[in-house]
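In case you want the letters, here they are:
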Amino acid sequence: KNRGSSFPARIQFANQEDKQEFSKFPTKTGRRSLSRSISQSSTDSYSSAASYTDSSDDETSPREKTQVNSKGSSDFCVKNIKQAEFGRREIEIAEQDMSALISLRKRAQGEKPLAGAKVVGCTHITAQTAVLIETLVALGAQCRWTACNIYSTQNEVAAALAEIGVAVFAWKGESEDDFWWCIDRCVNTEGWQANMILDDGGDLTHWVYKKYPSVFKKVQGIVEESVTGVHRLYQLSKAGKLCVPAMNVNDSVTKQKFDNLYCCRESILDGLKRTTDVMFGGKQVVVCGYGEVGKGCCSALKALGAIVCVTEIDPICALQACMDGFKVVKLNEVVRHMDMVITCTGNKNVVTREQLDRMKNGCIVCNMGHSNTEIDVASLRTPELTWERVRSQVDHIIWPDGKRVILLAEGRLLNLSCSTVPSFVLSITATTQALALIELYNAPEGRYRQDVYLLPKKMDEYVASLHLPNFDAHLTELSDEQAKYMGLNKNGPFKPNYYRYQHHSTQSE
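Residues numbered from 1 in each chain as written. Predicted model: local features only at pLDDT ≥ 70, side-chain atom pairs only at ≥ 80, totals over all residues. Heavy atoms only, no water.

An unreviewed UniProt entry lists the protein chain under the name S-adenosyl-L-homocysteine hydrolase NAD binding domain-containing protein, with Pygocentrus nattereri as the source organism.

Dropping the structure here:
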């Protein structure tokens, strides 16, 4: 099976049995880049075009079923524990691309730096996060886990984790009530109290604050990996309500570069091809925003021969775009000539109804930024416009004169809804999370106060060095004399904290 391919939805099955057999093989739709969850963190809808995992399952809610794993434990709640074997295969495939976590396991397995750690986690439950969870277990932690998004769980992976004894409460397609019930079951359990929190989106942290504030007496730290969750932590900190140290993994250098720049450079094309089969050569494209995400999108589109222009509010980013060979324009000046409009600003109302009215027939509009507020989609839900769902995540919006605009994923994150995120990128995020947990759990008293911290640069460098063997890359070592001349320690950190690893997209190719 081609990894991450989406099967055509029109496969005919000779009989029901074939269909059931087929449905056991999970497809990899609906991964998402883990850093992006502002304004949609837990209820954003995933593309289900190619997900056959549940088609033949019964409709009973997992909460009403009693299941046990082969060791006789029933401290979990997943869709179907019998899918564990398929989940195990998925996890093994993901491990191939996540060698850094595996080598971290090997290096630290002896000393078990997380012995005694009781981690309660709330992330996407996919084959890649399973590799992280199993790494934490191998390093000595006990884990209870739940999903940070009601659509993103791979049921067979949740089953595989439940089978090895992780208390998992998650299934694909939870209701909002299920979502909070699962979080509650993770935190509130007899004779077990968490001392570390790993969160994506801040919902778990929020629930503990609201319902079980006493848990924070035991908790040694929170590790948070999304923009939204980090924002919530800074708000708590400002209000003086943060009562434990927290580690902001979202803004570590390795994660930012990989998740935002390198990942979007690949997934923008992936998402557009899967949804529209568009050809890029010679197309007129405007990319709104030239931050990390915008740079990644522009360099990929340019490489395929698209004619790309950029909109930007910041003179520095605008100058970078000019030096990279992109014309910097105002959206109003070019909107009527464009074949594609792509937003990646993180702002709101970047594309307005008035601009949508002026687009030409067949223009493709999509969002790669954090939030689903960039394109004013609400303004399109008016009686004079007709919405036509063409396929999963693709709507044609038809004006009275017959003009059509093609809107992808209803303006939500394109690479989250319509494509997958490479395991290698998630490996960087997951390794960073594991090191942040180890750092907070083992830190001597007083090193971290009740505040939000960035991962120390030394750790960032370590994450990067763990990934170099993938490329058979060999680092040069400083001589004593050189180190002294530069005023550096031979083993790093090699850059001051204020150093920004800038690059221009044209040079990074």
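Right, let's talk about the pattern of salt bridges for a bit. Evaluated as defined, the whole model comprises 19 salt bridges. Note that Arg 389 and Glu 410 form a salt bridge whose closest N and O atoms lie 3.1 Å from each other. A residue pair is termed long-range when its members are at least 10 positions apart, and Arg 389 in strand S12 (residues 386–391) and Glu 410 in the loop between strand S14 (404–408) and helix H14 (414–418) qualify at 21 residues. Between Glu 439 and Arg 447 there is a salt bridge, with the nearest N and O atoms lying 2.9 Å from each other. Taken together, the salt bridges that share partners define one network made up of Arg 381, Arg 389, Asp 395 and Glu 410. (Salt bridge = Lys/Arg side-chain N within 4 Å of Asp/Glu carboxyl O. Helix = DSSP H or I, 4+ residues; strand = E, 2+ residues; numbered from the N terminus.)

Moving on: the packing of helix H2 (residues 84–96) against helix H4 (residues 127–138). Between two packed helices, both the angle of their axes relative to each other and the distance between the axes serve to describe the pair. Relative to each other, H2 and H4 sit at 85°, their axes nearing to 8 Å. The angle between the axes of H2 and H4 places the two elements in the roughly perpendicular class. Of H4, the residues touching H2 (which contributes Arg 88, Glu 90, Ile 91, Ala 94 and Glu 95) are Ala 127, Gln 128, Ala 130, Val 131 and Glu 134. Partitioned by chemical class, the residues of the contact of H2 with H4 number five nonpolar, one polar and four charged. (Axes fitted to C-alpha atoms, helices over the stretch in contact; angles between N-to-C directions. Parallel < 35°, antiparallel > 145°, perpendicular 65-115°, else oblique. Contact = heavy atoms within 4.5 Å. Nonpolar A, V, L, I, M, F, W, Y, C, P; charged D, E, K, R; others polar.)

What follows deals with the packing of helix H3 (residues 99–108) against helix H16 (residues 457–467). Two elements in contact, H3 and H16, have axes separated by 8 Å at closest approach and are oriented at 105°. Of the possible angle classes, the one that applies to H3 and H16 is roughly perpendicular. Here H3 contributes Ala 100, Ser 103, Leu 104 and Arg 107 to the contact with H16, which in turn contributes Tyr 462, Leu 466 and His 467.

Following the UniProt record, the feature "binding site: substrate" (unreviewed entry) maps to Thr 126, Asp 200, Glu 225, Lys 255 and Asp 259 here. Since its relative accessible area comes to 2%, Asp 200 is described here as buried. Mapped onto the secondary structure, Asp 259 falls in helix H9 (residues 253–276). By relative accessible area, which is 0% here, Asp 259 ends up buried. (UniProt positions renumbered as here; feature names shortened; annotations may be inferred. Buried < 20%, exposed > 50% of the residue type's maximum accessible area, 1.4 Å probe, protein only.)

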